[in-house]
Amino acid sequence: MSFLNPFLLFGSLALAIPVLIHLVRREKSEIIPFSSLMFLLKVPKRSIRQQKIKNLLLMALRLLILALLVGAFARPYMTQPAKPAANGTANRGIVVMLDNSYSMRYGNNFERLKAEAQKRIDSMRASDRMAIIAFNENAALLSRPTSDKNALKAVVDTLEPSFAGTRYYEAFTLADRALNEFGGDQRQLVVISDFQRNGWNRSSRESIIATDVKTETVSLAVQNPNNVGIESVSVDPQTSFTRTYTGRMIARIHNYRKDIPVDVNVSVSLNDKEMGRKKLTVSANSSALAEFTGFDLPLGFSKGRVRIDPNDPLKVDDDFLFALERREKLKLLIVDTGKAKQSLYLRQAYTSSADLPFEVAIIPVSSVTPEEVARHEVVVINDVPRLPDKVREKLDDLRKTGQGQLVILGENSEINWWNGYAKLPVKAAQRIFVAKDRGKPWVSLTTYDRNHGIFKPFEKSTRVVLNSAQFFAYMNVEAKAGAVVLAKYEDGSPAIVESSKEDHGMLVFNSTVDNAKWNDLPLKPSFLPLFHEMIRYLSRYNENRGWYALGEGIPVVAGLESVAGAVIDPKGDRQSLGQLTAGQAKFFTPAMPGFHEIRVGPDTRLVAVNPPSSEGNLDSMPPEDLLASIQRTQAESQQAGFFGSEEKAEYARRQMIWWYLLLIALLAGIAEIYIANRSYKAS
Amino acid sequence: MKIQNLELVARSVVEGFVQGLHRSPYLGFSVDFAAYRQYMPGDEIRRIDWNVFSRSDRLYVKLYEGETNTRVLVLLDISGSMNYGSGEVKKIDYARVLAASLCYFAYHQRDSVGLLTFDTDVRSHVPASRRRGQLLTILSEIDRVQPSELTEFRKPLRFLAEYLSRRGMIVLISDLYDEPDNIIAGLKALRAKGNDIIVFHIMDNFELTFPFEDMAQFEDMETKRKLHVIPEYLRSQYLVILKDHMERIRKELSGTRIDYCLMDTSKPLDTGLFSYLASRSKSV
């Protein structure tokens, strides 16, 4: 017996009050002079005794009522079940949880799991019912509660190990729901698993399995597991613009054995053609890295695979897939006035290294044609007085098809003409010479939108800063409605402005980049990353990840137009993602490892999906620890109010005592009223 | 209470009472003419005033103020229990005023008046007399007495039975805290000698109702004995015993034609005076 509100038992101290009053009053009873005790002395003692007894009875009844009320409000409950514990002949409702995460592929673990499950099915009595749950990262009810042993065996026979990781919590949640379907049966939970420690996240979990569920665990944990696996592969960059891959592909190999080092051969292949091979010795319980670079890369996506050949029972983590892409370089056109060295710094910025993804052409504004402009993905208008009308009109059209344009307004720009260009996101006012107009030697670029893509390098690095450049002159501009000011000088004047969402694809920079007369930005380290990122942004060039883990969401993003999206899985099955509106992103969660083709309109992207490498770590936890975390204690059940339907009924029965106490208090109250009335009438 | 005050009180009580009553219904046949009344069949013929008949040719009888020369002896209980009073008026005070009033009344009725105070024995005795100053003597004695002792009827009543040689009217004012047998036996003996007896049973309202609630120690004002009392336990039994006591006395007394009058000290004296007068008229 225990109490839900034990602190209310302090109320029982109130029982002492009437007794204390009685004692105190007895001590302090006053002396009343009375004419004669003649008649009082004649009162028979028996009568007084009867009255005393009556009063004692009344007092006892009142104390009893008080005690009963205190007891009732303290909400007593029986700690033992109200109904007798189910005996061996009671109907049993059994939920069997089968772990089919990919760690169960270790050796013959999965066969052992099936054998254990079959044993449990065989031991069922005719009146027993069983439900089967398979779990990995997700949990699925394979069989609803049934007594049909053949059906249950068939379910177990057809079960296959997955490539997914382990998550116990979701599985136990489903098991709890299944257990609740058993009603008044004796409920039993059987967990057959390797009890990988990785599958249990202890943080902020609630216990979900009811207290009265009888649990049984069958541990298939491997003692001192013999496993070497590829933990991760880093492919940087995932996109190459050169035939020879100049980035680095690094594979991290982990030896999960805790006793001896292991020698492994690591090979990397592209499109099933081996590109390199290395031999590594991986120390016990540690990792080693294998780095590959300089291999040839065909145009488009390549299917990459890293493979190791350890002699261990878990093969799944011996292969690791990744995707590499080789693209043509971004075609960048710089239009300038034709003056010598006007675009020198820009050219240098985009062509200083062979692996830069830019193919640069420079053409004077006098020679530029709409056709020439249309052949490029990004156009930089580098401080020209004006543009030919046809070129300007073509630029407007090309922006709609995804071309990016960077307009630099400087000393050569004719303010009136540019102000007549309606699609320009700014209105130019005048040239500002800082020393003369602002009374200071220079201004810096101090304010910028840190969330914008073009400033990404400055977010990551503390050594490359925008405000190191000194601006001596700039074109004073005002952003038009809808345009977004991305960066400002320290005097608050806009420096970089982006066109509105309705006419996206144009950036305006209002100072020159040709010499040190207007600023020294080209001479600063921030110049290259800023102008690289502006061109990348304008070309909508996004680097993709080389691989995803099974269970991760893969973003599928539409371009500038509304297109249909679809995914082709490794088996060749097509899964439609529906129509994607311009700029819309959907997430696709792959169900199997392997190469997936993601189709967004005419574009196709290859994505590699690997099983979660954490499954390679076969470290197990004691099953009782897991159960202790997942099964509620009685106190938790009672305090948190987690009850299944049967539990609710059971706890309701256990807590019925307070009703009985109230009923007894009521009866005692009636008796008290009756006796008190009789005494009153008699007196 | 000063004697003058007591007399004043007695006078105001009696005169106020008498004015309200008229004297005529209590008139007797004596020497002092009071009024004429038309002759009614049954009247004695010798009482017809022939002078009036000769003048008016009608038959009238003469009525005289009563003068009986009755001896009235007031027995006043001054035992300790008479000192009890739940309110402002103690039983002894009530009894004093009653005794004084009766004496005053009797004295002015031209009766001989006497007083005897007693508890376990006779404490003072003023023999009945009509002499001048008798009333003052009695009032002085009434004023002087202080209750203290037990109540014991046997001895004082025996004394009285032996002492009284002429019959008269005996007024007993007491709370009757003695065994009924003792009281009744004594009074019967007095009654047997031809005395008219009226008993005023003086009781406090608290004695009659026992309204106490809280547990307390009750101290007997006569014996000083203390008793731990839970009123709610005893009330019903106490009231039953008291009622039995009073009922028995009343029955026994009425059986011997002794008037019994219960006087609640919380009520005015009128009832007592009525009873007295009723009794007085019988004795005439």
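Residues numbered from 1 in each chain as written. Chains lettered and ligands numbered in written order. Predicted model: local features only at pLDDT ≥ 70, side-chain atom pairs only at ≥ 80, totals over all residues.

(A) Up close: the overall build of chain B. Helix and strand content of chain B: nine helices and 10 strands. Put simply, chain B has 284 residues, and 39% of those count as buried. Put simply, of all contacts in chain B between residues at least 6 apart along the chain, 77% involve residues at least 24 apart. (Helix = DSSP H or I, 4+ residues; strand = E, 2+ residues; numbered from the N terminus. Buried ≥ 20, exposed ≤ 12 C-beta atoms within 10 Å, placed from the backbone. Contact = placed C-beta atoms within 7 Å.)

(B) Main features of the overall build of chain A. Helix and strand content of chain A: 17 helices and 33 strands. A buried classification covers 38% of the 683 residues belonging to chain A.

(C) Representation of the interface of chain A and chain B within the structure. Facing the 24 residues of chain A at the interface are 28 residues of chain B. Of all elements in the fold, only helix H1 (16-27), strand S2 (31-34), helix H2 (38-42) and helix H3 (45-73) of chain A reach the threshold of two or more residues within the side of chain A that touches chain B. Considering each element in turn, the side of chain A that touches chain B owes the most residues, five residues, to H2 of chain A. Where S2 of chain A lies against strand S8 (residues 216-220) of chain B, four bridges are found, and the strand directions are parallel. Bridged to Ile32 of chain A within S8 of chain B is Phe218 of chain B. (Pairing = 2+ DSSP bridges.)

(D) How the structure looks around the sheet that holds strand S10 (residues 239-240) of chain A. Residue and element names in this part refer to chain A. The strand order across the open sheet formed by five strands is S10-S16-S15-S12-S13, and the pairing between neighbours is mixed. What marks the edges here is a single partner per strand, and that holds for S10 and strand S13 (273-282). Where strand S12 (residues 262-270) meets S13, nine bridges bridge the pair, whose relative direction is antiparallel. For Val268, the partnering residue across the bridge sits in S13 and is Gly276.

(E) Structural view of unusual backbone geometry. Put simply, Asp236 of chain A and Pro237 of chain A share a cis peptide bond, and its omega is 0 degrees. As for its placement among the helices and strands, Pro237 of chain A is situated in the loop between strand S9 (228-236) and S10. In this structure, Asp272 of chain A takes a positive phi of about 65 degrees despite not being glycine. Classification of Asp272 of chain A by C-beta neighbours within 10 Å gives exposed; the count is 7. One non-glycine residue, Leu176 of chain B, lies in the positive phi region at around 55 degrees. In this structure, Leu176 of chain B sits in the loop between strand S6 (169-174) and helix H6 (180-192). Residue class for Leu176 of chain B comes out buried when judged on the 23 C-beta atoms lying within 10 Å of it.

(F) Up close: the packing of H6 of chain B against helix H8 (residues 231-255) of chain B. Residues and elements named next belong to chain B. Remark: H6 packs on H8, axes separated minimally by 10 Å, with the N-to-C direction vectors making an angle of 20 degrees. When the axis of H6 is compared with that of H8, the two are roughly parallel. Taken as a pair, H6 and H8 cross one another with a handedness that is right-handed. Here Pro180, Ile183, Ile184 and Leu187 of H6 lie close against H8, whose contacting residues are His245, Arg248, Ile249, Glu252 and Leu253. (Axes fitted to C-alpha atoms, helices over the stretch in contact; angles between N-to-C directions. Parallel < 35°, antiparallel > 145°, perpendicular 65-115°, else oblique. Left-handed = near helix turned anticlockwise from the far one by under 90°.)

(G) Summary view of the nonpolar core. Residue and element names in this part refer to chain A. Core analysis: the biggest nonpolar cluster contains 86 residues, and Val95, Val96, Met97, Ile133, Ala175, Ile192 and Ile253 have the highest contact counts within it. Ranked by residue count, the leading element in this core is helix H6 (residues 168-180), at seven residues. With 65 residues, the next largest nonpolar core counts Tyr350, Leu387, Ala473 and Leu486 among its residues. (Core = buried A, V, L, I, M, F, W, Y, C linked by C-beta atoms within 7 Å.)

(H) The arrangement of helix H4 (residues 134-144) of chain B in detail. The complete set of buried residues in H4 of chain B reads Leu135, Ile138, Leu139, Glu141 and Ile142 of chain B. Down the axis of H4 of chain B, the buried side of the element spans an arc of 160 degrees, and every buried residue falls inside it. (Arc of directions from axis to C-beta.)

(I) Local environment of the environment of Thr239 of chain A. With respect to the helices and strands, Thr239 of chain A occurs in strand S10. Here the alpha-carbon distance between Thr239 of chain A and Arg327 of chain A, two residues 88 residues apart in the chain, equals 6.9 Å.

(J) Seen up close, the sheet that holds strand S29 (residues 563-568) of chain A. Residues and elements named next belong to chain A. What the five strands build is an open sheet, ordered S27-S33-S32-S29-S30; its pairing is mixed. The sheet terminates laterally at strand S27 (547-549) and strand S30 (574-580), the two strands that pair on one side only. On average, each strand axis in the sheet is tilted by 25 degrees relative to the strand beside it, whichever way the strands run. With four bridges connecting them, S29 and strand S32 (residues 594-600) associate as antiparallel partners. Following the sheet pairing, Ile568 is matched in S32 by Glu597.

(K) Layout of the packing of helix H4 (residues 109-122) of chain A against helix H5 (residues 149-158) of chain A. All names here are of chain A. At a minimum axis distance of 10 Å, the contact between H4 and H5 shows a crossing angle of 175 degrees. The angle between the axes of H4 and H5 places the two elements in the roughly antiparallel class. Judged by residue contacts, Lys114, Ala117, Gln118 and Ile121 of H4 engage Lys149, Leu152, Lys153 and Val156 from H5. Tallied by class, residues from the contact of H4 with H5 come to four nonpolar, one polar and three charged. (Nonpolar A, V, L, I, M, F, W, Y, C, P; charged D, E, K, R; others polar.)

(L) Region of interest: H4 of chain A. Taking 1.5 Å as the rise per residue, H4 of chain A with 14 residues should run 20 Å; its terminal C-alpha atoms sit 20 Å apart, in good agreement. Taken together, the buried residues of H4 of chain A touch strand S4 (92-99), strand S5 (129-135), H5 and strand S7 (186-193) of chain A. (Expected span 1.5 Å × (residues − 1).)

(M) Spotlight on the environment of Thr137 of chain B. Residue and element names in this part refer to chain B. Tracing the backbone shows Thr137 in helix H4. Using a count of 17 C-beta atoms within 10 Å as the deciding quantity, one classes Thr137 as partly exposed. For the pair Thr137 and Val126, spaced 11 residues apart in sequence, the C-alpha to C-alpha distance is 7.8 Å.

(N) Representation of the confidence of the model for chain B. Residues at a pLDDT of 70 or more form 83% of chain B, whose mean pLDDT is 81. Predicted confidence is poor over residues 19-30 of chain B, with pLDDT under 50, and the contacts of this stretch with residues over four places away or in other chains come to 18 contacts. (pLDDT = per-residue confidence, 0-100.)

(O) Here's a closer look at the environment of Gln109 of chain B. Mapping Gln109 of chain B onto the fold places it in the loop between helix H3 (91-108) and strand S4 (112-118). Assessed through the 21 C-beta atoms surrounding it within 10 Å, Gln109 of chain B is described here as buried.

(P) The arrangement of the pairing of S29 of chain A in detail. Residues and elements named next belong to chain A. Inspection of the sheet shows S29 paired to S30 by six bridges, in the antiparallel sense. Residue pairing in the sheet places Val567 in a bridge with Gln575 of S30. In sequence, S29 turns back onto S30 through a hairpin of five residues, with Gly572 there showing a positive phi of about 95 degrees.

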